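Now for the letters of each chain:
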Amino acid sequence: MLLVIDVGNTNIVFGAYKGEELIHDWRISSDQSKTSDEFGMLITQILDNVQLKPVDIEAVIISSVVPNLMYTLQNMVIKYFHQYPIVVGVGVKTGINIRYDNPREVGADRIVNAVAAIERYGGPCIIIDLGTAVTFCVVDDKKNYLGGLIIPGISISADALVSRTSKLPKIEIIKPEKVIGKTTVSSMQNGLYYGFSSMIDGIVTHIIREMGLGPDELKIIATGGFANLLVSDSIYDILIDRDLTLDGLRILYELNR
């Protein structure tokens, strides 16, 4: 049994694999104030709820974009699972060529997603991760990670809209029925939804044009908490893969075991 842990800015997503099958997955908040013991008790209790014990976990792999949590989670794994986890970073085999000016700058989550996308769908491909931030990653058919874009996510934008204005209220992020809003709340919701969904299509268009390809000559994969919401009206055929990051961790474990 393999435990995979992906640490994001808002949530920690983790799952248990039996071979290539993801048998369970969970999501908890990325609370940087928690200690290794608090995370250990929480995660072992969650596993116990599906009749999994720490002794059932034979290996652990972690990716993180939150440096402050790495030491805490590594210690948690050592103490509660008696394993030394593989940590995605410098020195880890990925099977892809990172063509960044400084490869060390590429976030672990982007590497993990790229590895999974190439393994599952082949290249060339565009990977869109719609979480706290929105990231676009581009991989060609020779497994070269070419780079991408990083953009504030829809929830960050919604919070900024409220905090930097005097009268605009906090809102629920939803898919509206119409573009033209008739109230302040619906105008904000429409602006966020259609602004981001149009931005996604626009950036994909620019990437395809820059690569000199047609829309049918590459795969476009979306993942992350807002994927289902924001790509449902896309002009492109975008595959939604909610488990892309977890599966990327499994693949990296197999490469580095």
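Predicted, not measured: the structure shown is a model, and the values here were computed from it. (Residues numbered from 1 in each chain as written. Predicted model: local features only at pLDDT ≥ 70, side-chain atom pairs only at ≥ 80, totals over all residues. Heavy atoms only, no water.)

Attention now goes to the environment of asparagine 75. With respect to the element layout, asparagine 75 can be found in helix α2 (residues 67–81). Asparagine 75 sits 35 residues away from glycine 40 along the chain, and the two C-alpha atoms are 9.2 Å apart. (Helix = DSSP H or I, 4+ residues; strand = E, 2+ residues; numbered from the N terminus.)

Now for the domain arrangement of the protein. We note that the domain assignment places domain 1 (2–87) and domain 2 (108–244) within the protein. Placing a centre on the C-alpha atoms of domain 1 and another on those of domain 2 gives a separation of 27 Å. Tallying the contact residues gives nine residues for domain 1 and six residues for domain 2. Buried surface at the junction of domain 1 and domain 2, both sides included, amounts to about 530 Å², of which 48% is carbon and sulfur. The largest per-residue losses of area from domain 1 upon contact with domain 2 belong to Asp25, Ser63 and Val65, which jointly make up 44% of the total buried on that side. Across the contact surface, domain 1 and domain 2 share one salt bridge. Its salt-bridge partner being arginine 242, residue aspartate 25 comes within 3.2 Å of it at the nearest N-O pair. (Domains from an automatic or database assignment. Contact = heavy atoms within 4.5 Å. Buried area = accessible area lost by both parts, 1.4 Å probe. Salt bridge = Lys/Arg side-chain N within 4 Å of Asp/Glu carboxyl O.)

An order of β6-β9-β8-β7-β10-β11 is seen for the six strands of this open sheet, with the pairing classed as mixed. Looking at which strands have only one partner, the edges of the open sheet turn out to be β6 (97–98) and β11 (239–240). Pairing of strand β7 (residues 125–130) with strand β8 (residues 133–139), which is carried by six bridges, proceeds in the antiparallel orientation. Counterpart to isoleucine 127 in the pairing with β8 is cysteine 137. (Pairing = 2+ DSSP bridges.)

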